[in-house]
Amino acid sequence: YQRRVRGLFRKMGFRGLPDKLDRANSTTFYVFLNGIFYAVFYFVARLIHENGSTSAYDAKIKLLKELEAGYLYWSIFLFAVTLSFVNAWALGRRKAACVDNPDQYVFTPVGNKEAPFIVLEESGPQGQFNRAQRAAQNFIEYGALLLALIITSGFVFPFPVFVVTVMIAVGRVLYSLGYTSGTKSRLTVFLLGHVFPLNILSGLCLFIAVQTVTAFKQ
């Protein structure tokens, strides 16, 4: 028992937190990655437009241009970019602070600046609850953006957006189940059920925004 305790504290750094967080990256890395995603999924949106009901898509884009609604799509895409940067900034600070998921905050006991930091319980039913709650909160954090993207992009691309929404629904359920069992169990499903669908919707929104500016000019 004593060897296990000593081994545990050798792995821990300042006031009980790890010395290094391997799974986190810098803000610059996440901003660069998001930029790649936007470029790639804008191209995916072009493919959807060219290989789907193109005439129906174009008719709706033309209507949006006539209504000068392109600014709405640019606004929503700008909101998506802003949310991406805010999250990238927080993730960069997570790496610097050596605070791993599911912890979102670090607390200090009142009046004792030398005591170990207070973080979330990770084991047993309490740990499962903390991770399940974090999965639910993560969905809520993206809910407003997802709903805006689904409604606006779905006006032009109804069936593709429906397919993406099914991906989100299934992915989020699996993400919650996986996160509850352990932090590492969520990563693959998070990519397939959140990152990719969110960026597909963002790509569609950006495509519509660009088309309302460049398409149908006389």
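None of these values were measured; they are calculated from a predicted model. (Residues numbered from 1 in each chain as written. Predicted model: local features only at pLDDT ≥ 70, side-chain atom pairs only at ≥ 80, totals over all residues. Heavy atoms only, no water.)

> Tell me what's going on with the overall build of the chain, and back it up with residues and numbers.
Counting secondary structure elements, the chain contains seven helices and zero strands. Moving toward the C terminus, one meets the helices and strands of the chain in the order α-α-α-α-α-α-α. Every one of the 218 residues in the chain was classed for burial, and the buried ones make up 36%. Counting only contacts in the chain whose residues sit at least 6 apart along the sequence, the fraction spanning at least 24 positions is 77%. For the chain, the exposed area adds up to about 13200 Å²; of that, 66% sits on carbon and sulfur atoms. (Helix = DSSP H or I, 4+ residues; strand = E, 2+ residues; numbered from the N terminus. Buried < 20%, exposed > 50% of the residue type's maximum accessible area, 1.4 Å probe, protein only. Contact = heavy atoms within 4.5 Å. Areas by Shrake-Rupley, 256 points an atom, 1.4 Å probe, with all protein chains shown as cover.)

> Summarise helix α4 (residues 70–97); cite the residues concerned and give the values.
Since the α-helix packs 3.6 residues into each turn, any two residues three or four apart lie on the same face. The first and last C-alpha atoms of α4 sit 41 Å apart over 28 residues, in line with the 40 Å expected at 1.5 Å per residue. Looking only at α4, the buried set comprises Gly 70, Tyr 73, Ile 76, Phe 77, Ala 80, Ser 84, Ala 88, Gly 92 and Arg 94. In this structure, the buried residues of α4 make contact with α2 (27–51), α3 (54–66), α5 (124–156) and α7 (187–214). Among the residues trailing α4, Cys 98 stands out with phi positive, at a value near 60 degrees. (Expected span 1.5 Å × (residues − 1).)

> A description of the pattern of salt bridges should follow, citing residues and the corresponding values.
When the charged atoms of two side chains with opposite charge come close together, those side chains can pair. The full count for this structure, using the stated rule, is two salt bridges. With its nearest N and O atoms 3.7 Å apart, the salt bridge here joins Glu 50 to Arg 46. In this pair, Glu 50 and Arg 46 both sit in helix α2, four residues apart, roughly one turn of the helix. For Glu 50, a relative accessible area of 47% translates into the label partly exposed. Ionic pairing is found between Arg 134 and Glu 141, a salt bridge with its closest N-O pair at 2.8 Å. For Arg 134, a relative accessible area of 12% corresponds to the buried category. Owing to a relative accessible area of 36%, Glu 141 belongs among the partly exposed residues under this scheme. (Salt bridge = Lys/Arg side-chain N within 4 Å of Asp/Glu carboxyl O.)

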